[in-house]
Amino acid sequence: FVITPDSFLIPVVGDGLLHDDVSSMSSAQRAMISMIITFAIIHQTSNKYNIVTLDEYDGCMDQSNRFAFVQLLDRLMYMVHSEQAFIVSHNNELDTSACDIIALKNTSNEIVNGNIIWKF
């Protein structure tokens, strides 16, 4: 972090380039960076955090970033010893992961690995 009386900057490396601040990153990159910082804070402050809740965290991401998000989430949950995640999403990339799904107004029946435990 770079903190001055006039600014608060978070330098990051993205696409192999150093950016002066996270604000110059794409919306998807900022969402992932935000999640990483959140998990870092959780890891440093709590050893009993085992349920993650995310509300439309992937809304600003394209399909490839949503797949990367699922993989990153899995690694971060492992690092903080989290066992469950409740994720609200309007996207179906979670359908391809090994998770239980509660589907509300599901328009697709193409669940690859996900286990629909309740459907409306």
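This text follows the structure it describes.
Residues numbered from 1 in each chain as written. Predicted model: local features only at pLDDT ≥ 70, side-chain atom pairs only at ≥ 80, totals over all residues. Heavy atoms only, no water.

## Section: the environment of V88
Alright, step 1. Take V88: it is sitting in strand β6 (residues 84-88).
Alright, step 2. With 29 residues separating them along the chain, V88 and G59 place their C-alpha atoms 9.8 Å apart.
Alright, step 3. Apart from residues lying up to four places away in sequence, V88 is in contact with L54, D55, E56 and Y57. (Helix = DSSP H or I, 4+ residues; strand = E, 2+ residues; numbered from the N terminus. Contact = heavy atoms within 4.5 Å.)

## With respect to a nonpolar patch on the surface
Alright, step 1. A cluster of nonpolar residues, F1, I3 and F8, forms a patch on the protein surface that exposes about 390 Å² of accessible area.
Alright, step 2. You can see I3 is positioned in strand β1 (residues 2-3). (Patch = residues over 30% accessible without salt bridge, like charges linked within 9 Å, V, L, I, M, F, W, Y side chains within 5 Å. Areas by Shrake-Rupley, 256 points an atom, 1.4 Å probe, with all protein chains shown as cover. Salt bridge = Lys/Arg side-chain N within 4 Å of Asp/Glu carboxyl O.)

## Section: the packing of helix α1 (residues 27-45) against helix α2 (residues 63-79)
Each pair of packed helices can be summarised by the angle the axes make with each other and by the distance between the axes.
Alright, step 1. Interhelical geometry of α1 versus α2 gives an angle of 5° and a closest axis separation of 11 Å. The angle between α1 and α2 falls in the class roughly parallel. Residues A28, M32, M35, I36, F39 and H43 of α1 touch α2, and the partners they reach there are N65, A68, F69, L72, L73, L76, M77 and M79.
Alright, step 2. For the contact of α1 with α2, a count of residues per class yields 12 nonpolar, two polar and no charged. (Axes fitted to C-alpha atoms, helices over the stretch in contact; angles between N-to-C directions. Parallel < 35°, antiparallel > 145°, perpendicular 65-115°, else oblique. Nonpolar A, V, L, I, M, F, W, Y, C, P; charged D, E, K, R; others polar.)

## Examining α1
Alright, step 1. Between its first and last C-alpha, α1 extends 27 Å over 19 residues, near the 27 Å set by a 1.5 Å rise per residue.
Alright, step 2. Along α1, the residues that are buried comprise A28, A31, M32, I33, M35, F39 and I42.
Alright, step 3. Considering only its buried residues, α1 is in contact with β3 (12-14), β5 (51-55) and α2. (Expected span 1.5 Å × (residues − 1). Buried < 20%, exposed > 50% of the residue type's maximum accessible area, 1.4 Å probe, protein only.)

## So, the packing of aromatic side chains
Alright, step 1. Taken as a whole and assessed by the stated rule, the structure comprises two aromatic pairs.
Alright, step 2. A ring pair is formed by Y57 and F69, whose centres lie 6.3 Å apart and whose planes are at 15°; its orientation type is stacked. Of this pair, Y57 sits in the loop between β5 and α2 while F69 is found in helix α2, placing the two residues 12 residues apart along the sequence.
Alright, step 3. Look at F69 and you get buried, because its relative accessible area is 1%. (Phe/Tyr/Trp six-rings, centres within 6.5 Å; stacked < 30°, edge-to-face > 60°.)

## Thoughts on the nonpolar core
Alright, step 1. Counting 16 residues, the largest nonpolar core has M35, F39, L54, Y57, M61, F69 and L73 as the members making the most contacts within it.
Alright, step 2. Secondary structure elements with two or more residues in this core: α1, β5 and α2.
Alright, step 3. Among the elements that take part in this core, α2 stands out by supplying six residues, more than any other.
Alright, step 4. Those residues within four positions of L73 in sequence are excluded, and the remaining contacts are M35, F39, L54 and I87. (Core = buried A, V, L, I, M, F, W, Y, C linked by side-chain atoms within 4.5 Å.)

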